[in-house]
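Breakdown of the fold
The lines below spell out each chain.
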Amino acid sequence: MVNMIYSISYKENIVGNRDTNDLVFNIREDLQFFKEMTIGSTMIMGRKTFESLPTGGLPKRKHVIVSNKIKTTKDAVEILGEKYIENLTFINLDELEEYIREESRVNKISIIGGAMLYSHFLEDKNLFDLLSNIYATEVERIPHIENPVKLEAHSELREKCDFEVIKIGQGKDRLDDNNLVDYKIVRYFKR
Ligand SMILES: NC(=O)c1ccc[n+]([C@@H]2O[C@H](COP(=O)([O-])OP(=O)(O)OC[C@H]3O[C@@H](n4cnc5c(N)ncnc54)[C@H](OP(=O)(O)O)[C@@H]3O)[C@@H](O)[C@H]2O)c1
């Protein structure tokens, strides 16, 4: 099983903050959902997303980093700096499809970002076909971000896939603790 998972401000397709390399909201229920979905899985992520994780990575999950720059352990230590930990797996973009085909025979796979990697999956037919589900936690809007990271391909998902809303709720937005935002967790799957 290969799942993709992200949170998004869907009116503007914003998934990240370029200046801070951070997520755009931090609703507790969304983080909990992410944890439930990814625990025990092999997480595949772009290099910048790995750099945005807490030092030490996330427990009970295998970390696979897509990077064209990191080819040796020495590169990894230099490029990732204090974020470097042992037991990371590095693959380049050309190896991605084959890696997923092999790894998904033995482990559940979670594609966890960021925008560059998500876009690649949504735009490359072979990779798109490998996806079982896309889970998107959607909020309508977020407060202004100077340099947003966008996932424009999200707009086309409702044309390409069937979908079902699996959870609706209100959560506290980390940007403003008093601000309750409506969120929906939507599962997209192939017709
Ligand atoms: N909303 C969410 O659910 C969510 C989830 C994860 C991340 N994010 C946010 O997204 C932002 C980071 O996303 P990002 O798009 O800047 O970076 P990213 O996809 O995390 O990482 C990009 C890097 O990974 C490699 N890579 C991945 N896909 C590639 C492709 N298609 N072509 C070439 N190289 C590729 C390259 O590494 P090398 O440069 O080493 O070759 C590239 O520089 C952060 O703000 C993060 O917090 C949001």
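Not measured: the values here are computed from a predicted model. (Residues numbered from 1 in each chain as written. Predicted model: local features only at pLDDT ≥ 70, side-chain atom pairs only at ≥ 80, totals over all residues. Heavy atoms only, no water.)

1. Digging into the nonpolar core
Membership of the largest hydrophobic core comes to 32 residues, with the highest contact counts inside it found for Tyr6, Ile44 and Ile111. Elements represented by at least two residues in this core include exactly β1 (2-9), β4 (62-66), α4 (96-103), β6 (109-111), α5 (115-123), α6 (125-130), β7 (133-139) and β10 (176-190). For this core, the element with the most residues is α5, which contributes five residues. Setting aside residues no more than four positions away along its own chain, isoleucine 44 makes contact with Val64, Val66, Leu96, Tyr99, Ile100, Ile109, Ser110, Ile111, Ile112, Gly113 and Leu117. (Core = buried A, V, L, I, M, F, W, Y, C linked by side-chain atoms within 4.5 Å. Buried < 20%, exposed > 50% of the residue type's maximum accessible area, 1.4 Å probe, protein only. Helix = DSSP H or I, 4+ residues; strand = E, 2+ residues; numbered from the N terminus. Contact = heavy atoms within 4.5 Å.)

2. A few points about the site of the ligand
The full set close to the ligand counts 26 residues, and Ser7, Arg18, Arg47, Thr49 and Ser67 are the nearest of them. Arginine 18 is positioned with one of its side-chain polar atoms (N or O) 2.7 Å from an oxygen atom of the ligand. The contact in question runs from an oxygen atom of the ligand to an N or O atom on the side chain of arginine 47, over 2.8 Å. Here the ligand loses 91% of its free accessible area of 920 Å² to cover by the protein chains. Here the ligand is seated within the largest pocket. Looking at the shell around the ligand, the element that brings in the most residues is α5, giving five residues. (Near = heavy atom within 4 Å. Polar contact = N/O pair within 3.5 Å; in protein donor to acceptor, adjacent residues only side chain to side chain. Areas by Shrake-Rupley, 256 points an atom, 1.4 Å probe, with all protein chains shown as cover. 1 Å grid on protein atoms, 1.4 Å probe; cavity = no way out; pocket = protein on both sides within 12 Å on 5 of 7 lines; lining within 4 Å. Sits in = over half its atoms within 2 Å of the grid points.)

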